[in-house]
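Structure at a glance
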Amino acid sequence: MQPIYVCILVCKRLCSILGLYHFYPVHKCSYVQILILKKLIGRLVIGQNGILSTPAVSCIIRKIKAAGGIILTASHSPGGPGGEFGVKFEVANGGPAPDMVSEKIYQISKTLEEYAICPDLRVDLSRLGRQEFDLENKFKPFRVEIVDSVEIYLNLLRSIFDFSAIRNLLTGPSQIKIRIDAMNGVMGPYVRRILCDELGAPANSAINCIPLEDFGGQPPDPNLTYATGLLEAMKGGEYGFGAAFDADGDRYMILGQNGFFVNASDSLAIIAANLSCIPYFCQMGVRGFGRSMPTSTALDK
């Protein structure tokens, strides 16, 4: 990961770095902190208990005007000691690093001959707020800030969607029953806090919401192969809407009543056709839609 920091520093900017962590989060968070401290980084922002979803990382990067963020994740692959582990880097606009940045990181990685560590540093990842350390680097003091990433992301969603209308849909006289599967990944705390606590969905609407180091032994891949529990529940006809998320929260699957599968192209097209129901777009307008292979044709219909 050190080449990422070197690449950031080429821009000669004071940076804030965020992290998303899944397997052995405290250990991995500490490792990132150890690597970063000897560099010209003055502030490190981490989600409480080392947990941040990918959309929340993007949100916080833009909110605090960070130069970028580190995401340590198994994504939708199997986790645990024998599972997958990867590193993603998001740039200042909150999006994935473009090819030129990734290539620069790779080129720098081939020139590294050493790295410095600070093995005795201990940061309490459970305690919200700022912690300061006196280190042998450019910044005095070096600051680590532990944030409630769910609350920050919830505030962003409040500014985009009509929470009153959604709350009425979930709790009103014509309420729709939902079933949301977090697949024991990072989305569990977000699902509980936003859909259940904030929007009033019953607690049993959310399943597999405890983040586990190995995702409960199953790949957290939101598809008809691995989200079978959700699929069977939806087939029963009791629920009108179902969804599952991958481990870091940037992929999803939507199911309708009786297990009807809603593909990515249709879900985007439905949003595009109902923009008048989303306050943010009513106020700011729409500049365009992001096309990909799964979403390429439905927007035209």
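Refer to the structure above for everything that follows.
We now turn to the structure provided with this report. Per chain, residue numbering runs from 1 following the sequence as it is written. Residue-level local features of this predicted model are given only where pLDDT is at least 70; pairs of side-chain atoms are given and counted only at 80 or more, and the full residue set underlies all totals for whole chains, interfaces and linings. Note that the side-chain values use all heavy atoms of the structure and ignore hydrogens as well as water.

Our focus in this paragraph is the packing of aromatic side chains. For this analysis, a ring pair means two rings from Phe, Tyr or Trp (six-membered ring only for Trp) whose centres lie within 6.5 Å, classed as stacked if their planes differ by under 30 degrees, edge-to-face if by over 60, and tilted for the remaining angles. Summed over the entire model, instances satisfying the criterion amount to two aromatic pairs. With a centroid separation of 6.0 Å and 80 degrees between ring planes, the pair formed by tyrosine 153 and tyrosine 190 is classed as edge-to-face. Of the two residues, tyrosine 153 is situated in helix H5 (residues 149–158) and tyrosine 190 in helix H7 (residues 188–198); the sequence distance between them amounts to 37 residues. No difference in accessibility class separates tyrosine 153 from tyrosine 190, as the two residues are buried. Think of it this way: any DSSP run of H or I at least four residues long counts as a helix, any run of E at least two long counts as a strand, and we number them from the N terminus. Relative accessibility decides the category of a residue: with a 1.4 Å probe and only protein chains considered, values under 20% of the type maximum give buried, values over 50% give exposed, and everything between is partly exposed.

This paragraph deals with helix H3 (residues 54–64). What H3 keeps buried is the set Thr54, Ala56, Val57, Ser58, Cys59, Ile60 and Ile61. With its phi angle positive at about 60 degrees, lysine 65 sits one or two positions after the end of H3.

Right, let's talk about the sheet that holds strand E9 (residues 206–207) for a bit. Being paired, for any two strands, means DSSP has found at least two bridges between them. Here five strands make up an open sheet; going across it, the order is E9-E8-E10-E11-E12 and the pairing mixed. Taken across any chain shown, the strands that pair with only one partner, and hence form the sheet edges, are E9 and strand E12 (261–262). Pairing of strand E11 (residues 252–256) with E12 involves two bridges; the strand directions are antiparallel. Within the sheet, the bridge partner assigned to leucine 255 lies in E12 and is phenylalanine 261.

Moving on to unusual backbone geometry. We note that phenylalanine 215 has phi near 60 degrees; this positive angle belongs to a residue other than glycine. Position of phenylalanine 215 among the secondary structure elements: in the loop between E9 and helix H8 (228–235). The backbone of asparagine 258 sits at a positive phi, close to 65 degrees, despite the residue not being glycine. Mapped onto the fold, asparagine 258 is located in the loop between E11 and E12.

A few words on the pattern of salt bridges. For this document, the term salt bridge refers to a Lys or Arg side-chain nitrogen within 4 Å of an Asp or Glu carboxyl oxygen. Counted according to the given criterion, the structure contains 12 salt bridges. A salt bridge links lysine 88 to aspartate 248, with the nearest nitrogen and oxygen atoms 3.2 Å apart. Highlighted residues: lysine 88 in strand E5 (residues 86–91) and aspartate 248 in the loop between strand E10 (241–245) and E11, separated in sequence by 160 residues. Judged by its relative accessible area of 27%, lysine 88 is partly exposed. In this structure aspartate 248 comes out as buried when scored by relative accessible area, which is 0%. Here the salt bridges do not stand alone but share partners, grouping Asp148, Glu151, Arg158, Arg167, Arg193 and Glu198 into one network.

A few words on the pairing of strand E8 (residues 178–181). Residues Ile178 and Ile180 of E8 are buried on one face, and the alternating residues Arg179 and Asp181, pointing to the opposite face, are buried as well. Judged from the four bridges that link them, E8 and E10 form a sheet pairing that is parallel. By the bridge assignment for E10, isoleucine 178 is matched with phenylalanine 241. Where E8 lies against E9, two bridges are found, and the strand directions are parallel. If you follow isoleucine 180 over to E9, its bridge partner there is alanine 206. With respect to chirality, the unit in which E8 leads through H7 into the neighbouring parallel E9 is right-handed. Think of it like this: strands point away, you trace from the first strand over the helix to the second, and a clockwise trace means the crossover is right-handed.

Glancing now at the nonpolar core. Side chains of a nonpolar character, in soluble globular proteins, are inclined to be buried together. Grouped together as the largest cluster of nonpolar side chains are 33 residues, with contacts concentrated most on Leu52, Tyr153, Ile180, Met187, Tyr190, Val191 and Ile194. At the level of secondary structure, the elements contributing two or more residues to this core comprise H3, H5, helix H6 (163–171), E8, H7 and E10. Contact criterion: two residues are considered in contact whenever any of their non-hydrogen atoms come within 4.5 Å of each other. With near-sequence residues (within four places) excluded, tyrosine 190 lies in contact with Ile51, Leu52, Ser53, Ala56, Ser149, Val150, Tyr153 and Leu195. Among buried residues, those of type Ala, Val, Leu, Ile, Met, Phe, Trp, Tyr and Cys that are joined through side-chain atoms within 4.5 Å constitute a nonpolar core.

So, about the packing of H5 against H7. Axis separation between H5 and H7 bottoms out at 10 Å; the angle between their running directions is 50 degrees. When the axis of H5 is compared with that of H7, the two are oblique. Between H5 and H7 lies a crossing whose hand is right-handed. For the pair H5 and H7, contact is made by Ser149, Val150, Glu151, Tyr153, Leu154, Leu157 and Arg158 and by Pro189, Tyr190, Arg193, Ile194 and Glu198, respectively. When residues are grouped by polarity, Ala, Val, Leu, Ile, Met, Phe, Trp, Tyr, Cys and Pro land in nonpolar, Asp, Glu, Lys and Arg in charged, and all others, Gly among them, in polar. Along the lines of polarity and charge, the residues of the contact of H5 with H7 split into seven nonpolar, one polar and four charged. To obtain each axis, a line is fitted to C-alpha atoms, and for helices this fit is confined to the stretch in contact; angles are then taken between N-to-C directions over 0 to 180 degrees. If an angle is under 35 degrees, it is roughly parallel; if it is over 145, roughly antiparallel; if it lies from 65 to 115, roughly perpendicular; otherwise it is oblique. A clockwise turn of the near helix away from the far one marks a right-handed crossing, whereas an anticlockwise turn of less than a right angle marks a left-handed crossing.

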